[in-house]
Amino acid sequence: MDPQPLDLLIRNAGHVVTMIGPDVPGGWVGCRAGVVQAVGPAGSEPAATEVVDARGAIVTPGLVNAHHHLFQNLTRAHADSSACTLGPWLEMLRPVWALLDRETAYLSAWIGLADLALAGCTTTGDNLYLHPAPGLVEETLRAAAEVGLRLDPTRGYIDRQRLDVRGAEDADAVLEASRTLLEEWHDPAPGSRCRVSLGPTALPATRTELLPELAALAAEHDARLSLHLFEEAGENDRAREVHGRGAVELLVDSGWADRAWIAHGNHVDAADAAALAAAGIGLAHCPSSNLLLGGPAARLDLLDDAGVAVGLGTDGAASAGTSQLWLEARTALLLQRQHRGADAFGARRALELATTGAAACLGRAGEVGGLAPGMQADLVVWETSGPAYAGAVTDPVETWLRCGPPRARHTIVGGRAVVRDGALVADGLDEHLDLHRKHAVAWQSR
Ligand SMILES: [Zn+2]
């Protein structure tokens, strides 16, 4: 290790889970300038200017969210839509979401990011595909800078030629806004706070020729591509009708291979899984959203067999309600256990989905989602004491996922606390909540 002193040392952890190398019971994590320098066992701690005592806690990499819609927390648990399946749910809420403007984009992102940080998330994707006003993604990035999370926005769209709803756009406007966002915000360097990706919300919402244009633009900026896919049954048939090819074939022909991840995939079959794997296209598994909308959940057995990179996503709070990756990981575990048996899927695999798997979807493998020298100092010190954890003494990762829900004592991004002692570090939570509520009431009373 570099002999210069560290600026942050997390020590005395009950257990350090690195996800990259072996666990370190009773260990420590040393960081400098926002980067992990070393992880080691008790008794070998180096000196540091700031020391965090993690006694009794489990330390994990910061959780990574591969799919979200921050704006949707303005229509959380919306009564009229709560018994809907995906299609009617979208039809009901899309006109409400069309009220999105710069102020509500900023507020929903600020509250959504605070929600994620308090639940141990340090990097999140955010797919924003309705643009009734300009500059909305920029507002979410302004909120991310204040709350302190890494935010990787997907500049989504609905092509007005395909679906003429408020917030839909013409192709020229999509390309221009995408290029501007890439030029002004996208940072492909390691440790980046913002990686922009592009894509339509779903294949029926775009004209065919835009797909290769977006791929070329993404390639020019070393950026990625994302969309909702296989969230509904029969998407290959619809893709053949609209675009003349099956869905994954269309993406590959459009230059999306090795540069994309899809959200949901809860109707993927074995052939789709094989095609996704061959194309190097990842998948964000969003079980709460799929189940609450009455759909099936993604077949992780097929995806694992094919070798698809699978990460975890919360999806938007309008469908999922909560935005807790811990709950998504636990739901993934329950589903896989029910479907595949008790020995087929453990807590560590579920935590992989929420760390290394989601990082791979976002194109951040080896950078976030693990604790090893050279990786970003993004980590969570989880409170795992009290009655809910009493008696759990043999397997810290199973403990983390089965017991709880766990509370993030500290959430650290790039070596800086965004949650300290269970409280958000950024100022203004109560004021932002008041304003957010005012807008949510106004939106939902229309
Ligand atoms: Zn989604």
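Residues numbered from 1 in each chain as written. Predicted model: local features only at pLDDT ≥ 70, side-chain atom pairs only at ≥ 80, totals over all residues.

So, the domain arrangement of the chain
By a frequent convention, interface size equals the accessible area lost on bringing the separate parts together. Spelled out, the test is: Where a domain begins and ends is set by an automatic assignment or by a domain database. Residues are scored as being in contact if the C-beta atoms we place from backbone atoms lie within 7 Å. Per the convention used, a helix needs a DSSP run of H or I reaching at least four residues, while a strand needs a run of E reaching at least two, with both numbered from the N terminus.
By the assigned domains, the chain splits into domain 1 (8-62 + 367-422) and domain 2 (63-361). Measuring from the centre of the C-alpha atoms in domain 1 to the corresponding centre in domain 2 gives 28 Å. If you look at the interface, domain 1 gives 28 residues, while domain 2 gives 28 residues. Secondary-structure elements contributing two or more residues to the side of domain 1 that touches domain 2 are strand S7 (57-61), strand S16 (379-383), helix H14 (396-402), strand S17 (407-413) and strand S18 (416-420).

Some points on the packing of helix H4 (residues 171-185) against helix H5 (residues 210-220)
Put simply, the rule reads: Angles shown run from 0 to 180 degrees and are taken between the N-to-C directions of axes, each axis being a line fitted to C-alpha atoms and, for helices, limited to the stretch in contact. Angles are sorted into four bins: roughly parallel if under 35 degrees, roughly antiparallel if over 145, roughly perpendicular if 65 to 115, and oblique for all others. For any pair of crossing helices, the crossing counts as left-handed if the nearer helix is rotated counterclockwise from the farther one by less than a right angle, and right-handed if it is rotated clockwise.
Two numbers describe how H4 lies on H5: the axes approach to 11 Å, and their chain directions differ by 15 degrees. Between H4 and H5, the interaxial angle falls into the category roughly parallel. In terms of crossing hand, the pair formed by H4 and H5 is right-handed. Between H4 and H5, the residues in contact are Ala171, Val174, Leu175, Ser178, Arg179 and Leu182 and Leu210, Glu213, Leu214 and Leu217, respectively.

A few points about H4
The following threshold applies: Multiplying 1.5 Å by the residue count of a helix minus one yields the expected span of that helix. Partly exposed residues are those whose C-beta has more than 12 but fewer than 20 other C-beta atoms within 10 Å; 20 or more makes a residue buried and 12 or fewer makes it exposed, with C-beta atoms placed from the backbone. This arc corresponds to the set of directions leading from the helix axis out to the C-beta atoms.
For H4, with 15 residues, the first-to-last C-alpha span of 21 Å sits near the 21 Å given by 1.5 Å per residue. If you check which residues of H4 are buried, you get Val174, Ser178, Leu181 and Leu182. Along the axis of H4, the buried positions cluster into a sector of 100 degrees, meaning they face one direction only. H4 presents Asp172, Glu176, Glu183 and Glu184 as exposed residues on the side facing more than 90 degrees away from its buried surface. Residues of H4 that are buried sit in contact with helix H3 (136-147), strand S10 (150-155), strand S11 (197-198) and H5.

Focus on the nonpolar core
In plain terms, the rule: In these notes, a nonpolar core means any group of buried Ala, Val, Leu, Ile, Met, Phe, Trp, Tyr and Cys residues linked to one another through C-beta atoms within 7 Å.
Core analysis: the biggest nonpolar cluster contains 136 residues, and Ile10, Val29, Val59, Leu113, Ala117, Ala329 and Ala354 have the highest contact counts within it. When residues in this core are grouped by element, the largest group, 10 residues, is from helix H2 (residues 102-118). Each of domain 1 (8-62 + 367-422) and domain 2 (63-361) contributes no fewer than three residues to this core. Those residues in contact with Ala354 that sit more than four places away from it in its chain are Leu63, Val64, Leu312, Leu325, Glu328 and Ala329.

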